[in-house]
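# Chain and residue survey
Listed below, chain by chain, are the residues.
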Amino acid sequence: MATWIWILLIILALAAGAAGGFFLARKYMMDYLKKNPPINEEMLRMMMMQMGQKPSQKKINQMMQMMNRNMNQNLK
């Protein structure tokens, strides 16, 4: 085969590998963040206390629902 065909095949293989790696890594991170959310109720309570707000359970639940809804919209 000609040299230019080998070069073209190598470039195509590298592009396909980069695209495949990107999408696999993205899927892995989405699944990881779904299983292990970056902010939990305790962290949210501490942030509210640091901002000078008295965190009620109702307010914390509302904020967690809002964050989960936002995360689900970003995943779609």
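What you see is a predicted model; the values in this text were computed from it and never measured.

The subject of this paragraph is the environment of Y32. With respect to the helices, strands and loops of the structure, Y32 is situated in helix α1 (residues 3–35). On the basis of relative accessible area, Y32 is assigned to the partly exposed category, the value being 40%. In this structure the C-alpha to C-alpha distance between Y32 and I60, which are 28 residues apart in sequence, comes to 23 Å.

With that settled, the discussion passes to the pattern of salt bridges. Across all of its chains, the model carries two salt bridges by this definition. The salt bridge partner of K27 is D31, with a shortest N-O separation of 3.4 Å. Of this pair, K27 and D31 both sit in helix α1, four residues apart, which is roughly one turn of the helix. Residue classification places D31 among the partly exposed residues on the basis of a relative accessible area of 33%. Taking the shortest distance from any N to any O, the salt bridge between E42 and R45 comes out at 3.6 Å. A residue pair is termed a helical-turn pair when its members lie 3 or 4 positions apart in one helix, as E42 and R45 do in helix α2 (residues 41–50) at three residues. Overall, E42 belongs to the partly exposed group, its relative accessible area being 47%. With a relative accessible area of 22%, R45 lands in the partly exposed category.

Taking the numbering used here, the UniProt-annotated feature "transmembrane region" (unreviewed entry) corresponds to residues 6–25. Secondary structure content for residues 6–25 is 100% helix and 0% strand, while the C-alpha to C-alpha distance between its ends is 28 Å.

On the secondary structure map, Q50 appears in helix α2. The exposure class of Q50 is exposed, given its relative accessible area of 69%. For the pair Q50 and M66, spaced 16 residues apart in the sequence, the C-alpha separation amounts to 20 Å.

Parameters at a glance
Every chain begins its residue count from 1, and numbering advances along the sequence as written. Side-chain atom pairs in this predicted model are given and counted only at pLDDT of 80 or more, local residue features only at pLDDT of at least 70, and totals for whole chains, interfaces and linings cover all residues. Side-chain numbers come from the whole structure's heavy atoms, not from hydrogens or water. Strands are runs of DSSP state E lasting at least 2 residues, helices are runs of H or I lasting at least 4, and numbering of each runs from the N terminus. Three labels apply to residues, based on accessible area from a 1.4 Å probe with only protein chains included: buried if under 20% of the type maximum, exposed if over 50%, partly exposed otherwise in between. The term salt bridge refers to a pairing of a side-chain nitrogen on Lys or Arg with a carboxyl oxygen on Asp or Glu at a separation within 4 Å. UniProt positions are given in the numbering used here, feature names are shortened, and annotations may be inferred rather than shown by experiment.

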